[in-house]
Amino acid sequence: MASYTNKQGLKVVGTRPIRPDGVEKVTGRANFGADRTLPGMLHAKIKRSPHAHARIVRINVDKALALPGVRAVATSADFPEIRPEEAFVGEGPMNFRDLSRNVMARDKALYEGHAVAAVAAASPIIAAEALELIEVEYEVLPQVIDVEEAMAEGAPLLHDDLFTQGTDPKPERPSNIAKRVAFAKGDAAEGFRLADVIIERRYTTKPVHQAYIEPHACVVSTTADGQVQIWASSQGQFMIRAYCAKLLGIDMANIRVTPAEIGGGFGGKTLIYLEPVALVLSRKTGRAVKMVMTREEVFRATGPTSGGVIEVKLGAKYDGTIVAADLVLKFQAGAFPGSPVQPGCMCAFAMYDLPNVNIVGYDVVSNRPKVAAYRAPGAPISTFGVESCLDELARELDIDPLVLREKNAAKEGTKAVHGPTWTNIGYLDTLAAAKSHPNYQIPLGPNQGRGIACGFWFNIGGESSAQVHVNEDGSVSVASGSPDIGGSRASMAMMAAETLGIPLDRVKPIVADTASIGFTHVTGGSRVTFATGMATVQATEKVIDQLKQRAGMIWDISPEAVDWRDGCAYPAGPNAGSFDPLPLAEIAIKAARTGGPIGAEVSVNAQGAGPAFATHVCDVEVDPETGHVKVLRYTATQDVGRAIHPSYVEGQIQGGVAQGIGWALNEEYIYDQQGRLDNPGFLDYRVPVASDLPMIDAVIVEVPNPRHPFGVRGVGEVPIVPPMAAVANASHAATGMRLRDLPMSPPKILAEIDAEEPRRLAAE
């Protein structure tokens, strides 16, 4: 595979063209999940449990079926029993039995909002009326919401057959602790014995929503011969196909999934909720079925990310050398196992070169919706604890927090706690960029503080497919299997144009359905520009080989005697003959006479995704009268490998920062004593809006990843990792008070200020 990592001479990569999907979106012509309409289509809605934990004694659907306009009702009886079998199709390992029982409750409802039945009717109004006629008899059971309460002896059990994995000996009794994971390096106990200073702290975060604007939606159509077509808002059409096939016992070849445009996902659309239910109803009725969640359903029934408890212990020498670290993570998984506690463990100390580390994580079920991925799943939670504790250590040692990070930074050759040895990483470069940025030098006023925090994400590769075809007029079509969330259509087209040496406006990118392109893993984990980009470049290079062959036929010389550059074939040297350059368009128009259509498809299982590091600096002002935290300035420096489209890269960084600030200051799921969600909507679940934030300075650091032809390493996950700690550290610098429990909402800060004043006066 050719390498294009030398920045010199690049004409398309690194520029900022208009996005290929921009016009359709700003004019409202783009089709999202809820925009699909088919003739004779039915509308479906789901009846959901009002209880956080209840045994389903009986469901009576007779009255609903008798309502005029109702065509079918579905319950768990319409879903086959699934063995507890795991596969890695979405953004994490999925237990298919758990997935089936999350899509439709069987013997128990495990959270408020858990689906218990569904109805398809001639209109949404009739479907909603029919839901009220479905009679469900419940035996209400004790519920548990908090992660540590769920771990406690005697806590209400969600699953009688759940035994903690990762412990030796294997437990004899079930519990709510699904899994224990552990990582170690060196001898932590010996490291702490050698430490001059030891600090130990406890931090907590609440579950937060990905806050995508578009709710989950799909249309499913089945035919008399068993063929299924699905149109859905999703981060992976192949994931939908695989999950539906498995949950309903259908051959994958009989399911075709077309990805709609997606109004945000951030990991929250790497699971399925509606599609299997709509498919059951479509098979029952023989009609197309449309399902669209309300905003309240999105909050009550789909995955937020975990809340967690982070217990950190650090030991250091007086000069700032960290000699030992210990971390315990307790993550909420929701009703079924599968929190991102393992990546949380792996990412927590990845920024540092530490000799002695011990990490333990617990995956814990409770009566909440099953968690889903959210940008760098697990890493923001564990990093909030580690980077806050590091700030506290810096103050204990009277060392500048940035200098402390520089002193202990991971560098070339550092072996991470979770195994890999780092090469070609730009962490120190991000620290240097933050240190030299003008924002870092701005003097601060009263009630103002500056905080620094760093973050890491692995980035992943995986399976991707791409097709490149030369059209008759010399334009080029690029098709991939990756739903475009972070600008992948633009980046695929740009890499193809750069490789071919043609103008970008001659390349048209599309996202193909499951019947039109090879298998492609979900859009997630910051993998698409790396992995699908690799497939695109390799397919383009195969096309170039064909173009050289065709030029050789036209000139009657060997293909080895043909060079390709700047969109044209050239004789490789004087011995090859004297021919004028042959542009791509001239080769294309003669394709029928030289062998037929020109095109190639490549499928890869991409390896070598470069890890990504970031350093963030946040300045805040805290109002002592109200407890309100105003973010004054925010500077995010990140090693991006190579910025294919710098504007998209900056947007990814700014978006992650905005979400992280919301996570730090306002966002949380609030439950009452009965386990019911009190704030299922954007009126009461407070996300940042433009007026809450300053302009976010995104500083691009480029340390090319040698495993990719253009030096790409993923971008979209890392920006959400440092902000919580950066904001918390800045707030401490502004007030002198350390809030270790998120969110740091104004009432919490004001309560701390009010409590601190008597303590201060007493000390004086």
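This is a predicted model, so every value here is computed, not measured.

(A) Examining the nonpolar core more closely. Ranked by internal contacts, the top residues of the largest apolar core, which has 104 residues, are L314, L327, F349, L393, Y634 and M744. Per element, the largest residue contribution to this core is nine residues, and it comes from helix α11 (residues 379-397). Ignoring anything within four residues of it in the chain, the contact list for L393 reads V197, I199, L314, A316, I322 and L404. Counting residues in each nonpolar core, the second largest holds 47 residues, with L500, W555, I644 and V712 among its members.

(B) Representation of the sheet that holds strand β2 (residues 54-60) in the model. In space, the three strands of this open sheet follow the order β6-β2-β8, with antiparallel pairing throughout. For this open sheet the edge positions go to β6 (108-109) and β8 (135-140), each flanked by a neighbour on one side alone. Pairing of β2 with β8, which is carried by six bridges, proceeds in the antiparallel orientation. Residue pairing across strands places R58 opposite E137, the latter belonging to β8.

(C) Region of the structure containing the side chain of R713. Residue placement: R713 occurs in the loop between β28 (696-701) and α19 (723-735). Among the polar contacts listed, one links the side chain of R713 to the backbone oxygen of N424, at a separation of 2.7 Å. At a separation of 2.7 Å, a polar atom in the side chain of R713 contacts the main-chain carbonyl oxygen of V703. Other than its neighbours up to four places away in sequence, R713 contacts N424, N459, G610, P611, A612, D639, V640, G641, V703, P704 and N705.

(D) Quick look at the packing of aromatic side chains. Summed over all chains, the structure comprises 16 aromatic pairs. With a centroid separation of 5.3 Å and 70° between ring planes, the pair formed by F238 and F519 is classed as edge-to-face. Separated by 281 residues along the polypeptide, F238 in helix α7 (residues 237-248) and F519 in the loop between β21 (507-511) and α15 (528-555) bring together distant segments of the chain. The partly exposed category is assigned to F519, whose relative accessible area is 34%. Taking the centre distance of 5.5 Å and the plane angle of 80° together, the rings of F299 and F682 count as edge-to-face. Of this pair, F299 sits in helix α9 (residues 295-301) while F682 sits in the loop between α18 (646-665) and β28; the two residues are 383 residues apart in sequence, bridging distant segments of the chain. According to the relative accessible area criterion, F299 is buried, its value standing at 0%.

(E) Here's a closer look at the sheet that holds β21. With respect to topology, four strands assemble into an open sheet ordered β21-β20-β19-β25, the strand pairing being mixed. A strand with exactly one partner marks an edge of an open sheet, and here the two such strands are β21 and β25 (598-606). Pairs of neighbouring strands in the sheet enclose a mean axial angle of 15°, with direction left out of account. As judged from the five bridges shared by strand β20 (residues 476-480) and β21, these two strands associate in the parallel manner. Counterpart to V478 in the pairing with β21 is P509. Packed on one face of the sheet, helix α14 (residues 488-500) meets β20 and β21 and runs near 140° to β21.

(F) Main features of the pattern of salt bridges. For the structure on display, the rule yields 39 salt bridges. R202 is the partner of E148 in a salt bridge, and the nearest nitrogen-oxygen pair spans 2.5 Å. In this pair, E148 sits in helix α5 (residues 147-151) while R202 sits in strand β10 (residues 197-205), placing the two residues 54 residues apart along the sequence. Assessed through its relative accessible area of 27%, E148 is described here as partly exposed. A network of salt bridges, in which partner residues are shared, links R19, D21, K25, E261, D484 and R489.

(G) Region of interest: helix α8 (residues 275-285). Among the eleven residues of α8, eight are classified as buried, and the element is accordingly described as predominantly covered. Those residues of α8 that sit buried are E275, P276, V277, A278, L279, V280, L281 and S282. Looking at the residues trailing α8, positive phi occurs at G286, about 70°.

(H) Layout of α19. Here α19 contains 13 residues, and its C-alpha end-to-end distance of 18 Å stays within 8% of the 18 Å for a straight helix at 1.5 Å per residue. Where α19 is concerned, the buried positions are P723, M724, A725, A726, V727, A728, N729, A730, S731, H732 and A734. Those residues of α19 hidden inside the fold are in contact with α11, α12 (401-407), β18 (448-457), β26 (612-622), β27 (629-639) and α18. Just past α19, the residue G736 takes up positive phi, approximately 80°.

(I) Highlighting the pairing of β25. Because side chains alternate across β25, one face comprises the buried residues I598, A600, V602, V604 and A606, and the other comprises G599, E601, S603 and N605, none of which is buried. Across nine bridges, the pairing between strand β19 (residues 462-470) and β25 is antiparallel. In the strand pairing of β25, A466 is matched with V602.

(J) Local environment of unusual backbone geometry. The step from D168 to P169 runs through a cis peptide bond, and the omega angle for that step is 5°. The phi torsion at S526 lies on the positive side, around 55°, for a residue other than glycine. For S526, the position within the fold is in the loop between β21 and α15. In this structure S526 comes out as buried when scored by relative accessible area, which is 13%. Even without being a glycine, D556 presents a positive backbone phi close to 60°. Here D556 is to be found in the loop between α15 and β22 (562-565). Residue D556 is classed as exposed on the basis of its relative accessible area of 69%.

Rules used throughout
Counting from 1, residues in each chain are numbered in the order their sequence is written. The predicted origin of the model limits local features to residues at a pLDDT of at least 70 and limits the giving and counting of side-chain atom pairs to 80 or more, whereas totals for whole chains, interfaces and linings rest on all residues. Neither water nor hydrogens contribute to the side-chain values; these are computed over all heavy atoms in the structure. For this analysis, a nonpolar core means a set of buried residues of the types Ala, Val, Leu, Ile, Met, Phe, Trp, Tyr and Cys, connected via side-chain atoms within 4.5 Å. Remark: exposure states derive from per-residue accessible area (1.4 Å probe, protein chains only) relative to the maximum for the residue type, with buried under 20%, exposed over 50%, and partly exposed in between. Helix and strand definitions follow DSSP, with helices as H or I runs of at least four residues and strands as E runs of at least two, each counted in order from the N terminus. Contacts are assigned to residue pairs with any non-hydrogen atoms lying within 4.5 Å of each other. DSSP bridges decide pairing: two strands pair if at least two such bridges lie between them. Pairs of N or O atoms are called polar contacts if they sit within 3.5 Å, as long as, within protein, a hydrogen donor faces a hydrogen acceptor (for residues adjacent in sequence, only side-chain-to-side-chain pairs). The aromatic pairing rule takes the rings of Phe, Tyr and Trp, using the six-membered ring of Trp, and pairs them if the centres are within 6.5 Å, calling planes under 30 degrees apart stacked, those over 60 edge-to-face and the rest tilted. Helix axes are fitted to C-alpha atoms over the stretch in contact, other axes to C-alpha atoms as well, and angles between N-to-C directions run from 0 to 180 degrees. The term salt bridge refers to a pairing of a side-chain nitrogen on Lys or Arg with a carboxyl oxygen on Asp or Glu at a separation within 4 Å. To estimate the expected span of a helix, count its residues, drop one, and scale the result by 1.5 Å.

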